[in-house]
Amino acid sequence: MGYVDVAGVRFTLPDGRVLLEDVSFRVGDGACAALVGENGAGKTTLLRIISGDLTPDGGSVARTGGLGVMRQFIGSVRDDTTVQRFLIDLAPPAVREAWDAVEAAELAMMEGDDEPAQMAYANALGHWGDVGGYDVEVTWDTVTVAALGVPYDGCKYRELASLSGGEQKRLALECLLRGPDQVLLLDEPDNYLDVPGKRWLEERLIESRKTVLFVSHDRELLARVADRVVTVEGGGAWVHGGDFASYPAARTARHERMAELRKRWDEEHQRLVDLVRTMQQQAKNSPDMAARYHAMQTRLAKYEAAGPPPDRPPDQHVAMRLRGGRTGVRVLVAEQLELTGLMKPFDLEVDYGDRVAVLGSNGAGKSHFLRLLAGQDVAHTGGWRLGARVVPGFFAQTHAHPEWLDRSLVDLLWHGEPGRPGVDRGRAMATLRRYGLAPQGDQLFRSLSGGQQARFQVLLLELSGATLLLLDEPTDNLDVLSAESLEEALGAFDGTVVAVTHDRWFARTFDRFLVFGAGGQVYEAPEPVFDEARVQRTR
Amino acid sequence: MTTVLAPRSSDDESVEQAVARLLAEEYGTLAGPQVVMGVVQNARRELAGSPVGALPELVERLARYRLHTSVS
Ligand SMILES: Nc1ncnc2c1ncn2[C@@H]1O[C@H](COP(=O)(O)OP(=O)(O)OP(=O)(O)O)[C@@H](O)[C@H]1O
Ligand SMILES: [Mg+2]
């Protein structure tokens, strides 16, 4: 059992902007609270402050119960982290430290196998046992079997990067939900999960007795799971004590109330200013009035010093635009295409203007298929080709762009790249503004929030002049409004769209559905199919 | 939906199936029915919360692994 209490937290960004002004809220024992807010509002930052990764400039965080943390970018891990390292990093600090000690002792033994080294190793192992390390390893078996179908020993040296995004998420969630920590902070836990996976997560969160604070943009998940909603907006946070169904009305009412209070403050302010002005005139003629004039001046000064109540947060504006262009009628033809080791051979024809959603469970090979079409190296047999004037544009959040990390957005736009002309600062800023990214123009790509990175990648697609959009889970990370804007942009796009998605709501806007089935077969369905079982592979 | 909230019967099914299959293998003689039953039930308990459709397979895999490590 545990709780989190955030009081008066203030956080300033490295560039001097105040991101969080005065954030206070409490998540009580056993609550399942959603943390929502637009991309870049500060949700991840807030979770990192609660977990102790970041130190706030003011205010405090109190909590009880061990804390388990799942970060937003799990699912797109592309470094050489192993499954073992990943699970250790999710374990309670005492276990983590004991493990590191065992590893260090092992290393020392390899270098010099003398008695002190052996003693140190024995001690480290003893300590590993004392902190419950062996029990933890037993739990890891359960966790890896549940998430990947293999016991811990069979996968501990496997690189996390070789797991699909959904598998990575699943592994972390199994570990935290089955682990000892009583308070869980989950940053977009549903990203990359297939639909059965999302439903599974919903059930697990509902039945869990742990105290959970989770970030999500998925309205279905929010509606089913959250018993209260914490909103980060306008630099502050407020709590809606009800579920997500009653949330939009509560938010509107709150904004109206804020606007009303602000209006009243402005009116009263104006009245005082006018009074002071009038009295100033009268004070010239009467000493009595002069005293009253000074009193009034003091009153106005006090009123102004107390300051206006916060105004309602400005409405968010995102307007994505994807142009495209006319191509040959036949855009993509695949003949007996087989993704080696992933799917059985299949034929496919996609015509100009088609909107094809690629559906299926985690690990089925959907992303490999998209990467192949994008021109990357993917093992396959059989043939495929693109039609005349088809220019593919690829979007994938798991796609690492190390070369972008330390460059600013304006710089990336200025330089362009093959297939995408560079634009001057004025045009760059105008485009960034439409994507709600103007304040981020001079920020490094690495410092963008998850959703801001996703928006920026859509922006690059817009500038690339692609006529065939290959989108891998484009709505993950995007806040609700940005996802809607993307849908609108795709609706107006003059060209062809092939998108992998697990977003039930987004999928319904497509007109063809290509399903990567559990048995390894690829087939087309007249309606979205969301419950294909996982492909059972011997790993 | 194929996933969530196990009805009781399928819980037991996953246990029964795994026990039957493991007994048919060498674990029938190496460990004996009592032990196999216990290990399978533990595995089932530990895997609580997994999608029902996947349970039979997962229970069997985990139980087989636990039996394997205990007899070897
Ligand atoms: N080094 C930096 N300099 C300037 N701004 C920064 C820096 N690092 C982060 N930021 C900004 O801090 C803000 C908050 O980021 P955070 O990751 O907390 O957002 P978020 O609410 O989690 O968004 P998302 O929904 O997209 O995940 C963003 O606007 C981001 O651009
Ligand atoms: Mg975030």
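What counts and how
Residues numbered from 1 in each chain as written. Chains lettered and ligands numbered in written order. Predicted model: local features only at pLDDT ≥ 70, side-chain atom pairs only at ≥ 80, totals over all residues. Heavy atoms only, no water. Helix = DSSP H or I, 4+ residues; strand = E, 2+ residues; numbered from the N terminus. Buried < 20%, exposed > 50% of the residue type's maximum accessible area, 1.4 Å probe, protein only. Contact = heavy atoms within 4.5 Å. Areas by Shrake-Rupley, 256 points an atom, 1.4 Å probe, with all protein chains shown as cover. Pairing = 2+ DSSP bridges. Axes fitted to C-alpha atoms, helices over the stretch in contact; angles between N-to-C directions. Phe/Tyr/Trp six-rings, centres within 6.5 Å; stacked < 30°, edge-to-face > 60°. Lys NZ or Arg CZ within 6 Å of the ring centre and 35° of its normal. Buried area = accessible area lost by both parts, 1.4 Å probe. Salt bridge = Lys/Arg side-chain N within 4 Å of Asp/Glu carboxyl O. Polar contact = N/O pair within 3.5 Å; in protein donor to acceptor, adjacent residues only side chain to side chain. Nonpolar A, V, L, I, M, F, W, Y, C, P; charged D, E, K, R; others polar. Domains from an automatic or database assignment.

Caption draft 1: Up close: the overall build of chain B. Looking only at helices and strands, chain B features 4 helices and 0 strands. Helices and strands appear in chain B in the N-to-C order α-α-α-α. Here chain B holds 72 residues, and 42% of them are scored as buried. Sequence-distant contacts, at least 24 apart, represent 60% of the contacts inside chain B between residues at least 6 apart. Roughly 3,800 Å² of accessible area belongs to chain B as shown, and the carbon and sulfur atoms make up 56% of that amount.

Caption draft 2: Inspection of the sheet that holds strand β12 (residues 355-360) of chain A at higher detail. All names here are of chain A. With mixed pairing, 6 strands are arranged side by side in an open sheet as β14-β15-β16-β12-β17-β18. Of all strands in the sheet, those with a lone pairing partner are β14 (392-396) and β18 (522-525), marking the two edges. Pairs of neighbouring strands in the sheet enclose a mean axial angle of 20°, with direction left out of account. As defined by bridge partners, β12 adjoins strand β16 (residues 496-500) across 4 bridges and the pair is classed as parallel. Its bridge partner being in β16, Arg355 is matched across the sheet by Val497.

Caption draft 3: The arrangement of the packing of aromatic side chains in detail. Residue and element names in this part refer to chain A. A complete count under the given rule lists 13 aromatic pairs over all chains for this structure. Ring centres of Trp128 and Tyr134 lie 6.5 Å apart, and the angle between their planes is 75°; this geometry places the pair in the edge-to-face category. Ring geometry for Phe244 against Tyr247: centres 5.3 Å apart, planes inclined by 15°, an arrangement best described as stacked. Residue classification places Phe244 among the buried residues on the basis of a relative accessible area of 14%. Members of the aromatic cluster, joined through ring pairs, are Trp99, Trp128 and Tyr134. Looking at Arg26, its charged tip hangs above the ring of Tyr3, at a distance of 4.3 Å from the centre. The ring of Tyr352 carries Arg326 above its face, with NZ or CZ at 3.9 Å from the centroid.

Caption draft 4: Inspection of the interface of chain B and chain A at higher detail. With 17 residues of chain B in contact, the opposing surface of chain A contributes 20 residues. Here chain B and chain A share an interface that buries about 1,600 Å² over both sides, 57% of which is from carbon and sulfur atoms. On the surface where chain B and chain A come into contact, there are 1 salt bridge. Counting across the chain B and chain A interface gives 10 residue pairs in polar contact (both at pLDDT 80 or more). A per-element tally of the side of chain B that touches chain A places helix α4 (residues 55-71) of chain B first, with 6 residues. Across the side of chain B that touches chain A, the residue classes break down as 9 nonpolar, 4 polar and 4 charged.

Caption draft 5: Structural detail: the domain arrangement of chain A. Residues and elements named next belong to chain A. Assigned domains of chain A: these are domain 1 (1-66 + 181-242), domain 2 (80-164), domain 3 (262-306) and domain 4 (330-525). Once you take the C-alpha centre of each, domain 1 and domain 4 turn out to be 29 Å apart. Taken residue by residue, the interface counts 19 residues in domain 1 and 24 residues in domain 4. Together domain 1 and domain 4 conceal approximately 1,800 Å² of surface at their shared face, both sides included; 41% is due to carbon and sulfur atoms. The largest contributions to the domain 1 side of the interface with domain 4 come from Asn39, Tyr192 and Arg219, which together make up 38% of the buried area. The interface formed by domain 1 and domain 4 holds 5 salt bridges in total. For Glu220, the salt bridge identified is with Arg504, shortest N-O distance 3.7 Å. Secondary structure elements with two or more residues in the side of domain 1 that touches domain 4: α8 (195-207) and α9 (219-225).

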